[in-house]
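These are the residues of each chain, in order.
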Amino acid sequence: MKNTVSKLYLGCAGLKTAYCAAVLAVYVALVLYGGGSAFEMLVVLPLFVAVFIYLPGCALRRLLKADSCFENMNFGLNVLLGTGFFAFVYCFAMKLKVFRLMFLPAGLSAVYIIYIIRTGKFKKPKKASALSPDGWLLVLLFFTLLFLYAWTMPAKNGLPSSVGDTLINQDLLWNVGNASAFTIKFIPEDIRYSGVQLHYHYLTELITGAISWVSGISCYNLLAFYTGPYILAGVVGCLYELGSGYFEDKRKSILFTFSMFLFGCAALYTCVGGGYSPFFNDNARHIITNINSQATAVIYLSVFCSMFFRLLDRHFKVKPFALLLWAASFFMLTFGKGPVAAIVAVGAVITVVWKFLQKQSSPLGLAGAAAVALIFGGVYLVFFSSGANNSMAFSFTRTAERTVFGRTLHELYCAGRLTQWKIGTVLTIIANTFLTAPLQVFIFAVGLCAEIPKLFKLNGKRLFINSQIVGGIAAFWLFNHYALSQAYFLYLRIFFLHLNAVDNMHLLKDKKLLKNTAAILACVAFVTQGFMYVNFMGSGLRSLLRNVGIEKKYPYNSVMNSDDEAAAKWLNENTEKDILFVTNRVNKEWGRTDGISNLYSALSSRQCYQEGYTYAETNEGVPYYVISQRREIVDKIFSPGTSADELKNIFNTAGITHIVYSSQFEGDDSRLAKVCKKVLRLGTVTIYETGARPLENHPLWQPQLEYGCGIKEE
């Protein structure tokens, strides 16, 4: 057995290449079946990413001599500078409406290519067989993640024109809509809710929208089919680079990178049904499938930490430019995922201040810490505060009540056994914290026992890691969000638990009991993660079988069909970007009142008056009275009792230029047919032109359209 493993590790390049080719073939096949384009995926986007993002990053790294500030992290610097420069240019180009500015990155790439050729610094790429054993491990990890991603995204989110009647994931459509908003203007409005500036952790969507704006590839194809491999490659590369900079042993770097995807919670087979951890450890799932959020956060968190650890090693005795790059990485992290950046900012400031008091950091370190705090504070106040204040609440017990032990806690509270309820809440927090990541928490506890006596003498890196673990635990249990978004505090803690576990493995070396306990917990966590991946592939396969007619589709009240897709495509191809449409499709399904529908805006890249309202309230901070008014106006538009004059007044006042009516949902278009011009008629969808002129700015609140329900309280 040992010889076989050694042979696979050191050789078998042909077998490894065949595995990678097979995974790529499966991925491409699923993308093509779902409605993607082979030319876009295999030619246009790779060329675009290279010329507009990665090569400019390489050029800026050399030009700014960034690698002299942060040695041995070229990949992370290329990603940071390339994406940062591309996003920076997009913001100015869109704001100034000067499209030609978007070709600045391409021009920089051309100069860089000429430079490396003329200076003889061009190196031929190594052959696949020449990869080192560790290099092959990273490549195999990437292709394994790509295989899992293929079954969770392309296989499950094919377009109706390709797979028939379907239900595309609403959160994916929401992300696509966010990206599409960046193709209309900057600073964007929430494409589902006119008049609302987009307040969200939207770095991936910004870059996706900018790519779509320049390349012509639809935002849907980019997010559902094409960008996954690039983001997963960034995750693997940046994780390994972080490990390489932190550990002296390369084997530990590999182990850290793999551990993020190998070890789960303590649920064992119980997670295979739904594919989610009953103890909230869905970190690997989110990295692999939620590319706009957790995967993006992992990339920039890894880059930030790689820089931070190098700065701590040098006691911040560096050039100010190094701090500027470090602050830039935090800025990107903040827009990648705000909740993650919040805990990171606090931990970084505490670490730098403490090391300064110990005379192990220069005053420049304090300036860097202040910059990190100011960046987060500024971004939070300007971009995130309205939505966060409406949706995130402080509560010591609410998250505990949402655990698998919540029913018992509820029964204790209802029975008036308050002392037992309080003790039970504390025990629940302790138990769930351990069961979430049993192997890593066990090693953390062992390390903590060894570190407490020398707590005030810890080096900066260990202090920061511990602060992130403790801060992540505290924030997860002290805050509550209706959609469990406090889970991102937990994912941050898990990230550093993995780093800590690999770092503290030596504490188990000569202690048989601790070593055996860790081995048992590792097996439990490994098996659990395997069951979760079984669900990944099984759910994707079931979706594929339903689409091809082998397995019966669910009897949904309403579906996303080819009419919906064709109507959205018609809007995209036959209208200007300044139009405003309204639709009666504002919920997931007919008969529901969840206010979550993002279909038409996502697929058309056109602004909607109110396609859904739930996220507008919880994530964008839209006042309830505005939502009440909008819902009432939409109801009036699709009511047969509304007069022609009243309809025209609504259209002209709100600037509604088009109407998308779906016969699958509640509402009537008989009056609209007499007042508006019918421009497209499909089986279940009809589009009308109202004749109203688009408004330059969409007002959020309009008292002249007040009908009594959405009364604004002064």
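Everything numeric here is computed off the predicted structure, so don't read it as measured data.

Student: Account for the overall build of the chain, naming residues and giving values.
Tutor: The number of helices and strands found in the chain is 31 helices and 7 strands. Principal axes of the C-alpha set define a box for the chain whose edges measure 85 × 80 × 60 Å. In the chain, buried positions account for 56% of the 714 residues. Expressed as a percentage of contacts within the chain between residues at least 6 apart in sequence, the contacts between residues at least 24 apart total 76%. Per element, the accessible surface of the chain, about 30,400 Å² overall, is 63% carbon and sulfur. Across the chain, 64 positive and 43 negative side-chain charges occur, with their mean positions spaced 13 Å apart.

Student: Before we move on, can you summarise the packing of aromatic side chains with the specific residues and values?
Tutor: Considering all chains together, one arrives at 44 aromatic pairs under this definition. When the ring of Phe638 is compared with that of Tyr661, the centres are 6.1 Å apart and the planes differ by 25°; the resulting orientation is stacked. With Phe638 in the loop between helix 29 (624-637) and helix 30 (644-654) and Tyr661 in strand 5 (residues 658-662), the pair connects residues that are 23 residues apart, well separated along the chain. Pair check on accessibility: Phe638 and Tyr661 agree, each one buried. Positioned over the ring face of Tyr276 is Arg285, at 4.0 Å from the centre of the ring. When the ring centre of Tyr609 is taken as reference, the NZ or CZ atom of Arg630 above it lies at 4.3 Å.

Student: Give a detailed account of empty space enclosed by the protein, specifying residues and quantitative values.
Tutor: To find the voids left in a structure, one rolls a probe of water-molecule size over its atoms. As enumerated under the stated definition, the model contains 2 cavities of 30 Å³ or more in all. As a volume, the largest cavity reaches approximately 50 Å³. Its residues placed into classes, the lining of the largest cavity shows 5 nonpolar, 3 polar and 2 charged. Quantified by volume, the second largest cavity comes out at close to 30 Å³. Lining the second largest cavity, in full, are Gln294, Ala297, Val298, Leu301, Val340, Tyr491, Leu492 and Phe495. Of all the secondary-structure elements, those providing two or more residues to the lining of the second largest cavity are helix 15 (294-313) and helix 24 (487-503). If one sorts the elements of the lining of the second largest cavity by residue count, helix 15 sits on top with 4 residues.

Student: Describe the nonpolar core, listing the residues and the values that go with them.
Tutor: Tyr90, Tyr220, Phe261, Phe304, Trp326, Phe330 and Phe496 are the most contacted members of the largest nonpolar core, which has 184 residues in total. With 14 residues, the single largest contributor to this core is helix 15. Residue contacts for Phe261: discarding those within four places in its chain leaves Leu141, Leu145, Val235, Leu239, Ala284, Ile287, Ile288, Gln529 and Tyr533.

Student: Please provide a residue-by-residue account of the packing of helix 15 against helix 24, values included.
Tutor: Pairs of packed helices are described in terms of their axes, by the angle between the two and the distance that separates them. Remark: helix 15 packs on helix 24, axes separated minimally by 12 Å, with the N-to-C direction vectors making an angle of 50°. Here helix 15 lies oblique to helix 24, going by the angle between them. Between helix 15 and helix 24 lies a crossing whose hand is right-handed. The residues of helix 24 that touch helix 15, namely those facing Gln294, Val298, Leu301, Ser302, Cys305 and Phe309, are Tyr488, Tyr491, Leu492, Phe495, Phe496 and Leu499. Grouping the amino acids of the contact of helix 15 with helix 24 by side-chain chemistry returns 10 nonpolar, 2 polar and no charged.

Student: If you had to explain the sheet that holds strand 4 (residues 607-608) to someone new, which residues and values would you point to?
Tutor: In any sheet, the strands associate via hydrogen bonds between backbone groups, in a parallel or an antiparallel arrangement. With mixed pairing, the 5 strands of this open sheet are ordered in space as 4-3-5-7-6. Every other strand in the sheet has two partners, leaving strand 4 and strand 6 (677-681) as the edge strands with one partner each. Two elements, strand 3 (residues 580-583) and strand 4, share 2 bridges in a ladder whose sense is parallel. The partner of Phe581 across the bridge, within strand 4, is Cys608.

Student: Explain helix 22 (residues 438-451) residue by residue, including any values.
Tutor: For helix 22, spanning 14 residues, the distance from its first C-alpha to its last is 20 Å, which sits close to the expected 20 Å at 1.5 Å a residue. A large share of helix 22 lies buried, amounting to 10 of its 14 residues. Pro438, Leu439, Gln440, Val441, Phe442, Ile443, Phe444, Val446, Gly447 and Glu451 are the residues of helix 22 that are buried. Buried positions along helix 22 lie against helix 21 (418-436), helix 23 (460-478), helix 24 and helix 25 (512-547).

Student: If you had to explain the pairing of strand 7 (residues 685-689) to someone new, which residues and values would you point to?
Tutor: Counting buried positions along strand 7 yields 4 of 5 residues, so the element is predominantly enclosed. Across 5 bridges, strand 5 lies against strand 7 in antiparallel orientation. Of the residues in strand 7, the one forming a bridge with Tyr661 is Thr686. Direction of pairing for strand 6 relative to strand 7: antiparallel, over a ladder of 4 bridges.

Student: So, the side chain of Thr351: which residues are in play, and what are the values?
Tutor: Along the chain, the position of Thr351 falls in helix 17 (residues 338-357). With near-sequence residues (within four places) excluded, Thr351 lies in contact with Phe308, Leu312, Gly460, Leu463, Phe464 and Ser467.

Student: Got a sec to walk through the state of the cysteines? Specific residues and values, please.
Tutor: Enumeration over the complete set of coordinates arrives at 0 disulfides. In this model Cys91 remains outside any disulfide bridge; the closest cysteine sulfur is found in Cys219, 15 Å from its own. Exposure remark for Cys91: the relative accessible area of 18% places this residue in the buried category.

Student: Could you give an account of unusual backbone geometry, with specific residues and numbers?
Tutor: Phi is mostly negative for residues that are not glycine, and the peptide bonds are mostly trans. The peptide bond linking Phe186 to Ile187 adopts the cis configuration, its omega dihedral lying at 5°. Phi is positive for Phe280, which is not a glycine, with a value near 80°. Along the chain, the position of Phe280 falls in the loop between helix 13 (250-262) and helix 14 (283-289). Its identity is not glycine, yet Phe316 carries a phi of approximately 60°, on the positive side. Of note, Phe316 is situated in the loop between helix 15 and helix 16 (320-336).

Student: Which residues make up the confidence of the model for the chain, and what are the values?
Tutor: For the chain, per-residue confidence averages 91 on the pLDDT scale, and 96% of positions sit at 70 or higher. Scored below 50 in pLDDT, residues 708-714 makes 14 contacts in the model with residues more than four places away or belonging to other chains.

Student: Residue-level account of a nonpolar patch on the surface, with values.
Tutor: Judged by side-chain polarity, Phe396, Ile423, Val426, Leu427 and Ile430 come together as a nonpolar surface patch covering roughly 470 Å² of accessible area. Its location among the elements puts Val426 in helix 21.

Student: A description of the environment of Thr183 should follow, citing residues and the corresponding values.
Tutor: Tracing the sequence through the fold places Thr183 in the loop between helix 9 (170-181) and helix 10 (203-215). Taking C-alpha positions, Thr183 is 9.2 Å from Arg606, a pair spaced 423 residues apart along the chain. A polar contact of 2.5 Å, which involves the side chain of Thr183, links it to the backbone oxygen of Ser180.

Student: An account of the pattern of salt bridges is requested, with residue identities and associated values reported.
Tutor: Counted according to the given criterion, the structure contains 14 salt bridges. Across the salt bridge formed by Arg398 and Glu401, the nearest N and O atoms sit 3.8 Å from each other. One end of the pair is Arg398 and the other is Glu401, both in helix 19 (residues 398-401) and 3 residues apart, which spans about a single turn. The network of salt bridges with common partners includes Glu451, Arg462 and Asp503.

Conventions and cut-offs
Residues numbered from 1 in each chain as written. Predicted model: local features only at pLDDT ≥ 70, side-chain atom pairs only at ≥ 80, totals over all residues. Heavy atoms only, no water. Helix = DSSP H or I, 4+ residues; strand = E, 2+ residues; numbered from the N terminus. Buried < 20%, exposed > 50% of the residue type's maximum accessible area, 1.4 Å probe, protein only. Contact = heavy atoms within 4.5 Å. Areas by Shrake-Rupley, 256 points an atom, 1.4 Å probe, with all protein chains shown as cover. Lys, Arg positive; Asp, Glu negative; His and termini not counted. Charge placed at Lys NZ, Arg CZ, Asp CG, Glu CD. Phe/Tyr/Trp six-rings, centres within 6.5 Å; stacked < 30°, edge-to-face > 60°. Lys NZ or Arg CZ within 6 Å of the ring centre and 35° of its normal. 1 Å grid on protein atoms, 1.4 Å probe; cavity = no way out; pocket = protein on both sides within 12 Å on 5 of 7 lines; lining within 4 Å. Points joined across faces, edges and corners; volume = space filled by probe spheres on them. Nonpolar A, V, L, I, M, F, W, Y, C, P; charged D, E, K, R; others polar. Core = buried A, V, L, I, M, F, W, Y, C linked by side-chain atoms within 4.5 Å. Axes fitted to C-alpha atoms, helices over the stretch in contact; angles between N-to-C directions. Parallel < 35°, antiparallel > 145°, perpendicular 65-115°, else oblique. Left-handed = near helix turned anticlockwise from the far one by under 90°. Pairing = 2+ DSSP bridges. Expected span 1.5 Å × (residues − 1). Disulfide = S-S within 2.5 Å. pLDDT = per-residue confidence, 0-100. Patch = residues over 30% accessible without salt bridge, like charges linked within 9 Å, V, L, I, M, F, W, Y side chains within 5 Å. Salt bridge = Lys/Arg side-chain N within 4 Å of Asp/Glu carboxyl O. Polar contact = N/O pair within 3.5 Å; in protein donor to acceptor, adjacent residues only side chain to side chain.

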